[in-house]
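One letter stands for each residue in the lines below.
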Amino acid sequence: MASGSDYGLKRIVWKKLKDTIIADCRNSEVWKILILDPFTTKLLSSCCKMSDLMSEKITIVEDLFKNREPVLEMKAIYFMSPTAKCVDAFIADFKTKPKYKAAYVYFTDCCPDQLFNKMKMHCAKYIRVCKEINMSFMPQEAQVFTCDNPEAFKSIYSPNSQDKMKTLETIADQLVSLCATLDEYPGVRYKKDSNIENAKTLAELVDDKLAKHYELDDSGKKKGKTQAQLLIVERGFDPVSPILHELTYQAMAYDLIDIKNDTYKYKGEDGPEKEAQLTEDDQLWIQLRHKHIAEVGEQIPKLVKEIAASKKKPDGKITIANLSQMMKKMPAFRKQMTEKKVHLHLAEDCMKHYSNNVEKLCKAEQDLAVGSDVEGVKVKDAMRTLLPVLLHPYNPPDKIRAVLLYIFSLNGTTTENLNKLIQHVKIEDQQEFILNWKSLGVPIITSPSFFPRKPTRRDRSQEDTYKLSRWTPVIKDVMEDAMENKLETKEWPHVSESPAAWNGSGAVSARQKHKASSQDERRTGSRLIVFVVGGMSYSEMRCAYEVTQTVKSCEVIIGSSHILTPTSLLNDIKALSKAPMESFLIEERSNA
């Protein structure tokens, strides 16, 4: 099986980088230096390894903003964002005394004329190539991308925001760069919301910028629409999915365990702390990440036993201590077992949390989210479902999540009821965790005479689900409805008409001839790109893979400004009411 970077978005990004940046320099026999800013470092790390760069005669990778020794006999490739900071750092490398023989400059996006002219004025004789390659998004996984901008949440949703339009413009440029990289010119639609218009604004910006980008192609012809559709939704469109305790492996791990920058830290039996990267280079991670924790718990020991059996090891109880003994005795076996051992640790960590608290919470959460219990009996009194959670000594964040699910289940509650809940959870001084959802257009306080109608969901009563995992993210309904052309135009207005394949009932699955099941051959079908304004959850990411797996002729790609966890979302929600200068003033004082 190919590694994650060998297919999907990462493969496409690496191919484009090779066809532009690498191809320009390939003719030269001279070994080169690659100089990157923080964004391009992350971008390149996501889709290639150092060995890939070495095979293209790139021998050193350097940080644009760090002091570097001059290497006058070598040519330097600069791959950077078109910002004043990056351009100034580049000019400093050549202005007084050149550090390199020549410079090949590649910008992720359109470089403003002012910066381009500044470069030309100071460094023209050293610049061999200067190109804009239009790649300003981050490929996170095979079917997932981000704008690498968690700060966008506050810029878009804070009532005190002073740069909302600028942020939406930047995101629109990043979406255009995604479409250009995929060679798609999609029809654009957005979810209509009477309370909030960010999705509409972004959809119009993207459509306008796409039209300008595809005005003329390389042969001087206007590019027509491709078999793709772009849907844009607000975060408040489904507040439940990012708050629920999820029991699929990836979503559960990122919720319950402190995983930062995809790095899982765990204690080895021999003492020191160890680290493992949860990326698509780990085949077992790709295989397990979307499975329910019950299946993961069954599967890992089986895999370990299979390898142990293949090494003629006697069967026995698989424990981490036993594995350590086997690995010490068999050096070749050690490498083969490392992946399995990491996931044995991670699954055990998840199960500890599950057994301690999460299992009890999940029943109440699922009943509130779905609106019925395991037997399908409708929840008539949501407060009776919530009360056991409030009376149990759960930690405050878990109680806040349960209170939010209660409010979402009713589409808002009365001020009197909300005040009682806030007192019960003892968060009088932190009630922004709940109140600030109104900035996302989510009803929190509603008058007793008016409770808004909840949207109709797809019937999934016949689907096999675990009792504590009955909720399905709303985005999955949207993806499936889009495939079947069931999205109502009134609810999902077109900013620009979608191509023919999306205009008739069942057209996507019926008209696209799917000849093979491989990821790459699926490219011949349609693409559905879904963008969530304000962050997406791991459960929503999973939906893109599940729907793609079901509808073989259409690939679903999902993206957002960033990936969120329940904890990070609640912190972002709370921070919405902070004054815009607060963090700036603290920074200023600390530098004084």
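You'll find the structure just up there.
In this report, we go over the structure that sits alongside the text. Because the structure is predicted, anything quoted here is derived from the model rather than measured. (Residues numbered from 1 in each chain as written. Predicted model: local features only at pLDDT ≥ 70, side-chain atom pairs only at ≥ 80, totals over all residues. Heavy atoms only, no water.)

A word on empty space enclosed by the protein. Where empty space is left becomes clear once a probe the size of a water molecule has been rolled over the atoms. Enumeration over the complete set of coordinates arrives at two cavities of 30 Å³ or more. Of the volumes computed, that of the largest cavity is approximately 90 Å³. What lines the largest cavity is a set of 13 residues, and nearest its centre among them are E246, A251, S537, Y538 and P566. Elements with a contribution of two residues or more to the lining of the largest cavity: α9 (249–256) and α20 (538–550). Sorting elements by how many residues they give to the lining of the largest cavity places α9 first, with three residues. (1 Å grid on protein atoms, 1.4 Å probe; cavity = no way out; pocket = protein on both sides within 12 Å on 5 of 7 lines; lining within 4 Å. Points joined across faces, edges and corners; volume = space filled by probe spheres on them. Helix = DSSP H or I, 4+ residues; strand = E, 2+ residues; numbered from the N terminus.)

Read across the sheet, five strands follow the order β2-β1-β3-β4-β5 without closing on themselves; strand pairing throughout is parallel. Every other strand in the sheet has two partners, leaving β2 (58–63) and β5 (127–132) as the edge strands with one partner each. Here the strands of the sheet are splayed against their neighbours by 20 degrees on average, with no regard to which way each runs. Of the strand pairs in this sheet, strand β1 (residues 32–36) and β2 are connected by five bridges, and their pairing is parallel. Directly across from I35, in β2, lies its bridge partner E62. (Pairing = 2+ DSSP bridges. Axes fitted to C-alpha atoms, helices over the stretch in contact; angles between N-to-C directions.)

Turning our eyes to something else, we now look at helix α14 (residues 382–391). Here α14 has its buried residues at A382, T385, L386, V389 and L390. All buried residues of α14 lie within an arc of 135 degrees about the axis, which places them on one face of the element. Among the exposed residues of α14, those pointing more than 90 degrees away from its buried face are R384 and L391. Where α14 starts, the residue carrying a side-chain oxygen 3.1 Å from the main-chain nitrogen of M383 turns out to be D381. (Buried < 20%, exposed > 50% of the residue type's maximum accessible area, 1.4 Å probe, protein only. Arc of directions from axis to C-beta. Polar contact = N/O pair within 3.5 Å; in protein donor to acceptor, adjacent residues only side chain to side chain.)

Glancing now at unusual backbone geometry. Phi is positive for K57, close to 65 degrees, though the residue is something other than glycine. Summarising the element assignment, K57 is placed in the loop between α3 (50–54) and β2. Judged by its relative accessible area of 25%, K57 falls in the partly exposed class. Located in the positive-phi region is N485, a residue other than glycine, with phi close to 55 degrees. Along the polypeptide, N485 turns up in the loop between α18 (474–483) and β12 (494–496). Residue classification places N485 among the partly exposed positions, given a relative accessible area of 22%.

The biggest cluster of nonpolar side chains holds 96 residues, and the ones touching the most others in it are L17, L202, I232, I434, W437 and F531. By residue number, the principal contributor to this core is helix α7 (residues 164–182), which donates nine residues. Once residues lying within four places of it in the same chain are set aside, the contact partners of I232 are V188, R189, Y190, K191, A199, L202, A203, V206, W492, F531 and V533. Judged by nonpolar contacts, the second largest core, of 57 residues, contains A142, L256, V478 and Y545. (Core = buried A, V, L, I, M, F, W, Y, C linked by side-chain atoms within 4.5 Å. Contact = heavy atoms within 4.5 Å.)

Right, let's get into the packing of helix α4 (residues 84–92) against helix α5 (residues 113–123). The contact between α4 and α5 brings their axes to 10 Å, and the two run at 5 degrees. In terms of axis orientation, α4 runs roughly parallel to α5. The residues of α5 that touch α4, namely those facing A84, V87, D88, F90 and I91, are L115, K118, M119, H122 and C123. Here the contact of α4 with α5 is composed, by residue class, of seven nonpolar, one polar and two charged. (Parallel < 35°, antiparallel > 145°, perpendicular 65-115°, else oblique. Nonpolar A, V, L, I, M, F, W, Y, C, P; charged D, E, K, R; others polar.)

Bringing helix α21 (residues 566–575) into the picture now. Where α21 is concerned, the buried positions are P566, L569, L570, I573 and A575. Those residues of α21 that are buried are in contact with α6 (152–157), α9, α15 (396–410) and α17 (432–435).

We now examine the pairing of strand β3 (residues 71–80). Remember that side chains alternate between the two faces of the sheet whenever the strand is regular. Burial of β3 is extensive: eight of the 10 residues sit out of reach of the surface. Two elements, β1 and β3, share five bridges in a ladder whose sense is parallel. Across the sheet, the residue bridging to I35 is Y78, located in β3. In terms of strand pairing, β3 meets strand β4 (residues 100–107) through seven bridges, oriented parallel. Residue pairing across strands places V71 opposite Y100, the latter belonging to β4. Crossover handedness for the path β3 to α4 to β4: right-handed. (Right-handed = clockwise from strand over helix to strand, strands pointing away.)

All right, on to the pairing of strand β9 (residues 228–234) then. Burial of β9 is extensive: seven of the seven residues sit out of reach of the surface. On β9, burial covers both faces: A228, L230, I232 and E234 on one face and Q229, L231 and V233 on the other are all buried. Here strand β8 (residues 187–190) runs beside β9; their pairing, made up of four bridges, is parallel. From the neighbouring strand, G187 faces β9, where its bridge partner is Q229. Direction of pairing for β9 relative to strand β13 (residues 526–533): parallel, over a ladder of seven bridges. The residue bridging V233 from the neighbouring strand is V532, located in β13.

Strand order in the open sheet formed by seven strands is β6-β7-β14-β13-β9-β8-β12, with mixed pairing between adjacent strands. Sheet topology places β6 (138–141) and β12 at the edges, where each strand pairs with a single neighbour. Looking at each pair of strands side by side, their axes are set apart by 25 degrees on average, direction ignored. Of the pairings in the sheet, the one linking β8 to β12 comprises two bridges and is antiparallel in character. Counterpart to R189 in the pairing with β12 is H494. Where helix α8 (residues 198–213) meets the sheet, it contacts β8, β9, β12 and β13, and its direction lies at approximately 150 degrees from that of β9.

Let us now look at the state of the cysteines. Taken as a whole and judged by the stated rule, the model has zero disulfides. In this structure C130 is not part of a disulfide, and its nearest cysteine sulfur, from C111, lies 6.5 Å away. (Disulfide = S-S within 2.5 Å.)

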